[in-house]
Amino acid sequence: MQVKKAVIPAAGLGTRFLPATKALAKEMLPIVDIPTLQYQIKEAVDAGIEEVILIISDAKKDIIEHFKRNEAYENYLISNGKQKEAEAIKQIATMAKISYVYQHEMKGLGHAILCCKEAVGNEPFVIILGDDLIINAHGDNVSKQMIDIYNIYHNSIIGCQNVALENVNKYGIMSLKAPMENRIALLKDMVEKPDIDKAPSRLACLGRYLLTPEIFDILKDAKPGKGGEIQLTDAIKVLAKRQDVIVYDFIGRRYDVGDKYGYVEATIDFALKRDDMKEKVLNHLKEILLK
């Protein structure tokens, strides 16, 4: 079965970015002038995904408004000679089929994914986490890489990269059945935020999954784990006992845009890649360094 659906959880409160996120969804914070959520939907579309399911809360109406077609605004822009801008906002609303599922209680990532069981159906699906913006400038994006692997093996996949040893206690860390070959291995176990001296590896789950629909039955029966929440990692560990789960060391530059420094880092890097901003930003950075 082909992978045609992607799920993006976007119901969280975004408390790390208060006060900005008091009235604005964290996922709508822009990298220069494009919301991070828009980049992630584009990742899904470029990977061949046909439907993007956004998991939101009642407080995330700004997300719906952003991705809804506004022909009156398009016509206003066109009448004022802003054809390029009109095409840009039209493209936002037409680049993918977007549907919405509500998570009314914040009970963890596993609970959020369970909320979209009916929308996903009996199909494999990609999960794109909003805090992880991943760019591969010289090849397929991370979702496409994982879909290509799924098309060969037809197993669930966890997208990972090595992190610095001092940071392993911030992530879910992989234990492998055997050493990696061609960036692929089978999952033995996953340890959530281990102590640095007890981490089984430096391979961390970094916000991309491709899961088979069997995960829903596991989540349905899951008990609250760390923090009193339904943990997706706990469900994946159960899945790995029933069938092979692949750990994939993906190719791409990952930005932690859920962290203030990571967000600033992404904004600077993206600005430096734009012809309309590169020279000015570079000159500004040089001025700062010379002070």
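Residues numbered from 1 in each chain as written. Predicted model: local features only at pLDDT ≥ 70, side-chain atom pairs only at ≥ 80, totals over all residues. Heavy atoms only, no water.

## Side note on empty space enclosed by the protein
Right, on to step 1. Under the criterion given, the structure shown has one cavity of 30 Å³ or more.
Right, on to step 2. Forming the boundary of the largest cavity are Lys 26, Glu 27, Leu 29, Thr 36, Gly 130, Asp 131, Val 257 and Tyr 263.
Right, on to step 3. Across the lining of the largest cavity, the residue classes tally to three nonpolar, two polar and three charged. (1 Å grid on protein atoms, 1.4 Å probe; cavity = no way out; pocket = protein on both sides within 12 Å on 5 of 7 lines; lining within 4 Å. Points joined across faces, edges and corners; volume = space filled by probe spheres on them. Nonpolar A, V, L, I, M, F, W, Y, C, P; charged D, E, K, R; others polar.)

## Notes on the pairing of strand β6 (residues 125–128)
Right, on to step 1. Side-chain alternation along β6 places Phe 125 and Ile 127 on one buried face and Val 126 and Ile 128 on a second face that is also buried.
Right, on to step 2. Of the strand pairs in this sheet, β6 and strand β11 (residues 203–211) are connected by four bridges, and their pairing is antiparallel. From the neighbouring strand, Ile 128 faces β11, where its bridge partner is Arg 208. (Buried < 20%, exposed > 50% of the residue type's maximum accessible area, 1.4 Å probe, protein only. Helix = DSSP H or I, 4+ residues; strand = E, 2+ residues; numbered from the N terminus. Pairing = 2+ DSSP bridges.)

## Notes on the nonpolar core
Generally speaking, nonpolar side chains in soluble globular proteins are found buried as a group.
Right, on to step 1. Core analysis: the biggest nonpolar cluster contains 41 residues, and Ile 41, Leu 54 and Ile 63 have the highest contact counts within it.
Right, on to step 2. Here the element with the most residues in this core is helix α7 (residues 142–153); it accounts for five residues.
Right, on to step 3. Residue contacts for Ile 41: discarding those within four places in its chain leaves Ile 8, Val 52, Leu 54, Phe 67, Met 95, Ala 96 and Ile 98.
Right, on to step 4. Listed in part, the 32 residues of the second largest apolar core include Ile 55, Leu 232, Ala 235 and Val 245. (Core = buried A, V, L, I, M, F, W, Y, C linked by side-chain atoms within 4.5 Å. Contact = heavy atoms within 4.5 Å.)

## Observations regarding helix α4 (residues 83–94)
Right, on to step 1. Here α4 contains twelve residues, and its C-alpha end-to-end distance of 16 Å stays within 8% of the 16 Å for a straight helix at 1.5 Å per residue.
Right, on to step 2. Restricting attention to buried positions, one finds in α4 the residues Ala 86, Ile 92 and Ala 93. With its buried residues spanning 120 degrees around the axis, α4 presents them on a single face.
Right, on to step 3. Lining the buried residues of α4 we find α1 (36–46), α2 (61–66) and α3 (71–79). (Expected span 1.5 Å × (residues − 1). Arc of directions from axis to C-beta.)

## As for unusual backbone geometry
Right, on to step 1. Of the consecutive residues Leu 18 and Pro 19, the connecting peptide bond is found in the cis state with omega at 10 degrees.
Right, on to step 2. Following the sequence through the fold, Pro 19 ends up in the loop between β1 (5–9) and β2 (30–31).
Right, on to step 3. One non-glycine residue, His 154, lies in positive phi territory at about 60 degrees.
Right, on to step 4. Mapping His 154 onto the fold places it in the loop between α7 and β8 (156–162).
Right, on to step 5. Judged by relative accessible area, His 154 falls into the partly exposed class, the value being 42%.
Right, on to step 6. If you check the backbone angles, Arg 183 has positive phi at about 70 degrees while not being a glycine.

## Looking at the packing of helix α10 (residues 260–272) against helix α11 (residues 278–290)
Right, on to step 1. Running from N to C, α10 and α11 cross one another at 125 degrees; their axes reach a closest spacing of 8 Å. Classified by the angle between their axes, α10 and α11 sit oblique to one another. Judged by residue contacts, Ile 268, Ala 271 and Leu 272 of α10 engage Lys 278, Val 281, Leu 282 and Leu 285 from α11.
Right, on to step 2. Of the residues in the contact of α10 with α11, the class split is six nonpolar, no polar and one charged. (Axes fitted to C-alpha atoms, helices over the stretch in contact; angles between N-to-C directions. Parallel < 35°, antiparallel > 145°, perpendicular 65-115°, else oblique.)

## Topic: the environment of Ile 184
Right, on to step 1. The residue Ile 184 is located in strand β10 (residues 184–192) in this model.
Right, on to step 2. In this structure, the C-alpha to C-alpha distance between Ile 184 and Val 264, residues 80 residues apart in sequence, is 32 Å.
Right, on to step 3. Setting aside residues up to four positions removed in sequence, Ile 184 forms contacts with Ile 149, Tyr 153, Pro 179, Ile 246, Val 247 and Tyr 248.

## Overview of the layout of surface pockets
Right, on to step 1. In this structure, the largest pocket spans a volume of roughly 1,600 Å³.
Right, on to step 2. If you go around the largest pocket, you meet 48 residues; those closest to its centre are Arg 16, Leu 129, Asp 131, Asp 132 and Lys 193.
Right, on to step 3. Within the residue set of the lining of the largest pocket, elements represented by two or more residues are α5 (109–115), β8, β11, α9 (232–242), β13 (253–256) and α10.
Right, on to step 4. For the lining of the largest pocket, the residue count by class is 17 nonpolar, 15 polar and 16 charged.
Right, on to step 5. Its volume calculated, the second largest pocket comes out at about 1,100 Å³.
Right, on to step 6. In terms of residue count, α4 provides more of the lining of the second largest pocket than any other element does, eight residues in total.
Right, on to step 7. Of the residues belonging to the lining of the second largest pocket, the class tally is 15 nonpolar, six polar and 13 charged.

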